[in-house]
Every structure is written in structure tokens, then in C-alpha cells.
Amino acid sequence: MKNNISQPHAHTPAAIFDDGWSNATCDLNILPARGQKGRGAVSNIDGRFERHIHQAVDDGWLGTLMEDLDAPRTKTTLGIDGARSVITRNQSPDVPFDRSINPYRGCEHGCVYCFARPTHAYLGLSPGLDFETRLFWKPEAAQLLRKQLSSKAYQPAPIVIGTSTDPYQPVDRDKKLTRSIIEVLADCQHPFSLITKSALVTRDIDLIAPMAARNRASVAVSVTSLDHRLSNLLEPRASAPHRRLEAIRKLSDAGIPVTVLCAPVIPGLNDTEIEKIVATCKDAGAQSIGHIVLRLPLEIADLFEEWLEAHYPDRKAKVMSLIRQMRDGQTYQSEFGTRMRGTGPIADLIAKRFDAARKKHGLTNRSLNLDCSGFKRPSANGQMSLF
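Residues numbered from 1 in each chain as written. Predicted model: local features only at pLDDT ≥ 70, side-chain atom pairs only at ≥ 80, totals over all residues. Heavy atoms only, no water.

**Re the environment of K360**
Note that K360 resides in helix 11 (residues 344-360). Residue classification places K360 among the exposed positions, given a relative accessible area of 70%. Considering only alpha carbons, one finds K360 and V278, 82 residues apart in sequence, at a separation of 9.4 Å. (Helix = DSSP H or I, 4+ residues; strand = E, 2+ residues; numbered from the N terminus. Buried < 20%, exposed > 50% of the residue type's maximum accessible area, 1.4 Å probe, protein only.)

**Here's the deal with the packing of helix 8 (residues 274-284) against helix 11**
Relative to each other, helix 8 and helix 11 sit at 30°, their axes nearing to 9 Å. Taken together, the axes of helix 8 and helix 11 lie roughly parallel to each other. In this structure, helix 8 crosses over helix 11, and the sense of that crossing is right-handed. From helix 8, I274, E275 and V278 reach across to helix 11, where they touch I350, R353, F354, A357 and R358. Here the residues of the contact of helix 8 with helix 11 are counted per class, giving five nonpolar, no polar and three charged. (Axes fitted to C-alpha atoms, helices over the stretch in contact; angles between N-to-C directions. Parallel < 35°, antiparallel > 145°, perpendicular 65-115°, else oblique. Left-handed = near helix turned anticlockwise from the far one by under 90°. Contact = heavy atoms within 4.5 Å. Nonpolar A, V, L, I, M, F, W, Y, C, P; charged D, E, K, R; others polar.)

**Side note on the sheet that holds strand 13 (residues 217-222)**
Strands sit in the order 7-8-11-12-13-14-15 across an open sheet of seven strands; the sheet is mixed. In this open sheet, the two strands that pair with only one neighbour each are strand 7 (87-89) and strand 15 (288-293). Across this sheet, the average inter-strand angle for adjacent strands is 25°, counted without regard to direction. As paired elements, strand 8 (residues 99-101) and strand 11 (residues 159-161) share two bridges and run parallel to each other. Bridge pairing in strand 11 links I101 to I161. Helix 11 rests against strand 14 (258-265) and strand 15 of the sheet, and its axis sits at about 170° to strand 15. (Pairing = 2+ DSSP bridges.)

**As for the pairing of strand 12 (residues 192-196)**
Burial within strand 12 is extensive, with five of its five residues counted as buried. The side-chain alternation of strand 12 yields two buried faces, one formed by F192, L194 and T196 and the other by S193 and I195. As paired elements, strand 11 and strand 12 share three bridges and run parallel to each other. Bridging from a neighbouring strand, I161 pairs with L194 of strand 12. Both strand 12 and strand 13 contribute to a ladder of five bridges, which runs parallel. Counted as the bridge partner of I195 is A220 from strand 13.

**What to know about the nonpolar core**
Core analysis: the biggest nonpolar cluster contains 62 residues, and L145, L149, I161, F192, L194, I208 and I248 have the highest contact counts within it. In this view, F192 contacts I159, I161, I182, L185, I208, M211, R216, A217, S218 and L370; residues no more than four positions away in its chain are not counted. Among the nonpolar cores identified, the runner-up in size contains 24 residues, and C107, Y113, C114 and L230 belong to it. (Core = buried A, V, L, I, M, F, W, Y, C linked by side-chain atoms within 4.5 Å.)

**Some remarks on helix 10 (residues 316-325)**
Among the residues of helix 10, those classed as buried are V319, M320, L322 and I323. Across the axial projection of helix 10, the buried residues extend over an arc of 160°, all falling on one side. Of the exposed residues in helix 10, those oriented more than 90 degrees away from the buried face are A317 and K318. Looking at the buried positions of helix 10, the neighbouring elements they touch are helix 9 (300-311) and helix 11. (Arc of directions from axis to C-beta.)

**Digging into the side chain of T178**
Structurally, T178 is set in helix 4 (residues 177-187). You can call T178 buried: its relative accessible area is 0%. Polar side-chain contacts of T178 include one of 2.5 Å to the backbone oxygen of P167. Excluding residues within four positions of it along the chain, T178 makes contact with P103, Y104, P167, Y168, D172 and L194. (Polar contact = N/O pair within 3.5 Å; in protein donor to acceptor, adjacent residues only side chain to side chain.)

**With respect to the packing of helix 2 (residues 141-150) against helix 4**
Put simply, helix 2 and helix 4 touch, their axes get as near as 9 Å, and they point 25° apart. When the axes of helix 2 and helix 4 are compared, the pair comes out roughly parallel. Judged by the sense of rotation from one axis to the other, the crossing of helix 2 with helix 4 is right-handed. Contact residues: helix 2 offers A141, A142, L145, R146 and L149, while helix 4 offers L177, S180, I181, V184, L185 and D187. For the contact of helix 2 with helix 4, the class distribution of residues is eight nonpolar, one polar and two charged.

**Remarks on the pairing of strand 13**
Where burial is concerned, most of strand 13 is hidden: six out of the six residues are buried. Side chains A217, V219 and V221 project from strand 13 onto one buried face, and the interleaved S218, A220 and S222 project onto a second face that is buried too. As for the winding sense of the linkage, the β-α-β connection from strand 12 through helix 5 (residues 205-213) to strand 13 is right-handed. When strand 13 meets strand 14, the two strands line up parallel, connected through four bridges. Its bridge partner lying in strand 14, A220 is registered against T259. (Right-handed = clockwise from strand over helix to strand, strands pointing away.)

**Some details on helix 7 (residues 241-253)**
Counted at 1.5 Å a residue, the expected span for helix 7 with its 13 residues is 18 Å, and the 18 Å between its end C-alpha atoms agrees. Turning to helix 7, its buried residues number three or more, namely P241, R244, L245, A247, I248 and L251. End-on view of helix 7: buried residues confined to an arc of 155°, all on one side of the axis. Immediately downstream of helix 7, the backbone of G255 shows phi near 85°, a positive value. (Expected span 1.5 Å × (residues − 1).)

**A closer look at the packing of aromatic side chains**
For the coordinates displayed, the defined rule picks out three aromatic pairs. Among the aromatic residues, ring-to-ring pairing joins F304, W307 and Y312 into one connected group. The side chain of K175 reaches across the aromatic face of W137, ending 4.6 Å from its centre. (Phe/Tyr/Trp six-rings, centres within 6.5 Å; stacked < 30°, edge-to-face > 60°. Lys NZ or Arg CZ within 6 Å of the ring centre and 35° of its normal.)

Right under this line is the structure:
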């Protein structure tokens with residue numbers, strides 16, 4: 001049974017409603033969210049713009065039946081994103097680039113902590129399961145990109161692909177949308193960098209390596225944990241840790257500069273792995289490494305607490321306490337300069353440990369110094385300009 005409650009948006013643990021059959025109100029037994037195998041979010045919580053909150057309740061008919069039933073599986077669907085441009089601009093001082101491309105909206109990898117989840121609320125969808133099952137792609141992304149690059153007002157600077165959602169999520173095996181974007185950038189000799197946690201990136205080494213040889217391409221691979229169980233729970237449809245290490249090795253062997261992003265660092269969960277991740281990724285061929293501490297903006301805080309309750313109930317209180325200690329008592333700080341690093345002794349210690357491990361293994365910090373001098377502006381009809 002579903003209960004729709006008209007009230008300001010808030011995720012509450014209980015609800016009271018009048019079913020119309022009695023003048024008395026009754027306490028409803030809110031059913032706990034149940035995770036699905038292969039999915040990150042435990043529930044499909046309503047977005048912050050919705051007028052109603054939907055909660056599953058036991059109306060007395062279910063009894064103990066719920067304990068014997070598996071959560072219904074949600075299949076992945078793919079819709080069309082009708083965007084008229086593909087390059088997104090930003091003015092954030094926290095990142096070393098001002099433009100990016102995200103071929104897909106939503107991400108089937110299902111990382112429970114993904115900071116892009118709240119964007120699904122703009123579509124009237126849930127940042128929970130909807131974000132990882134109701135995806136949207138830009139079939140004309142390559143043509144739109146060529147058109148944007150052909151503008152006489154356009155000035156080249158490194159484009160980062162996959163800043164919000166992964167460009168190599170499972171659906172790209174079939175669509176090859178990311179490859180079509182790289183082909184345009186390679187044709188124009190436009191510098192680019194990729195961010196992914198998928199071994200599928202090695203499919204496009206033939207396009208990336210020649211650009212890297214001219215200092216016009218690089219790849220950042222996200223490595224959150226080397227623990228297969230933890231990784232599978234945090235990022236259920238992303239490549240396993242050993243597959244990511246293999247990808248780093250193949251990319252490096254092809255002459256492609258590889259940065260490792262240890263993100264997010266979650267105190268009380270994966271922070272014990274910092275030194276091991278740095279050493280292992282160095283052995284795999286990484287040249288640089290950076291880190292970002294866990295961010296829980298908007299709906300992600302509720303989703304992450306649900307996830308902890310489902311998978312690590314014994315650690316939930318400790319992990320959330322440590323997160324708040326890095327956020328001045330809150331679950332998130334949005335200010336530039338602190339949102340990715342955190343504040344306080346715990347955040348400082350994490351940063352110092354990364355600095356020490358980086359120096360020990362001869363790795364550099366993350367940078368994006370790519371050559372823009374070879375850019376060849378395409379014409380609107382797809383041919384390269386002679387001028």
C-alpha cells in the first residue's frame with residue numbers, strides 16, 4: 001500500500017493519515033526500504049521538488065509475507081535527452097577545467113554516493129533508483145559538438161568528459177556515444193581528458209593514445225576501494241577494482257597519462273585503504289593521484305544513510321558522526337574550497353596521509369596541462385577549416 005502525504009518535502013520515519021473510514025487517525029507501519037541486487041540506492045525517494053511523499057506502508061494484509069519476498073527488480077530504460085548543446089561550462093575554482101561533456105543523464109553504475117543524483121529531481125524523477133535505471137542519452141552529441149567547435153567565437157581549452165555521470169557506463173558498450181565524441185575531438189586536435197571507473201575505456205585506446213602522444217589527452221580512473229565486497233556495494237555496476245587496475249596498466253602501457261581519483265574517501269569505511277590504494281595504483285602505472293572526501297548534498301544524505309542501514313548498520317552512527325566532524329557538524333558544505341576537502345582534524349589527517357603516500361611513491365598531484373595549440377576548427381558541414 002502506498003501513502004501520499006501532502007506536506008513540505010521531508011523524509012520522515014513515520015506518518016499519520018486518515019483513511020476516510022474513521023474519524024480517528026492511526027499510526028502506519030512504514031515498511032523499510034529493501035535494496036535490489038545490482039543497484040546502489042536502497043529506495044526511490046521523492047525528489048525535492050515533488051508535492052507528495054510516497055511511503056510504502058503495511059496496511060495489515062501483508063503480515064510476515066514481506067520477509068519472504070524479494071524486492072521487485074527494476075530494469076534499465078534509455079530515453080532521449082533533447083539538449084541543443086553538449087559542452088557545459090563551470091566557474092568552479094575547485095576543478096582544473098572550465099568545460100565538460102556528459103554523454104548521459106543518470107548512471108547505471110549506481111554509485112550510492114554520486115553527487116549527480118540530485119539532478120534527476122529536475123526531470124521529476126527520483127535521485128534514488130530512477131537515477132540509475134531511467135537514463136537519457138544524447139544521440140546527436142557528436143554533431144552538436146562539431147557545431148559548437150565550429151563557432152568562430154569558440155576558444156579551445158581542455159574538455160573533460162564524464163564529470164557528472166560516467167561516459168563508459170554499461171549502456172555505452174552498445175551506443176558507443178563516448179567514442180563518437182572522442183572521434184570529433186581527435187579530428188579537431190582538441191585536447192580532452194576522460195574520467196571513468198570503467199575498464200571499457202580501454203576500447204578507445206586507439207583514439208586516445210595518438211592524442212596523448214601530442215599531450216592532448218589523458219585519463220582519470222576513479223578507484224574508491226580495493227575491497228571487492230565494499231566496491232560492489234558502493235558501485236554495483238562499475239568495473240571491479242582489479243579490472244580498473246588492469247585498465248590503468250593498459251592505458252599507461254599505451255603512453256596515456258593516467259591520474260587516479262580516490263573518490264570519495266569515506267571515514268570509517270574506506271579511509272584505511274589510502275596508503276594501499278596509492279601504492280597499488282603506482283604499481284599499475286598511474287602518474288598522479290588526487291582525492292575527494294564524501295559529499296552528501298540534498299537527497300544524497302538520506303540515500304547514503306539508508307545504504308548504511310542496509311549494509312553496515314553497525315557502522316552507521318560512527319560513519320555519519322565522522323562525516324559531520326568533517327563538515328562543521330553538517331552532512332555537507334557547499335562552499336568552494338571546502339566542499340571537496342572538508343574541514344577539521346579528520347579532513348586534515350586524510351589530506352596529510354595522501355600527501356605522504358604520494359611523495360613516498362613519486363606521484364604528482366592531479367593537473368590538466370594539455371596542449372591547445374593544434375586545434376583545427378571544423379566547419380559547420382563537417383570539413384576542417386583551411387584558415
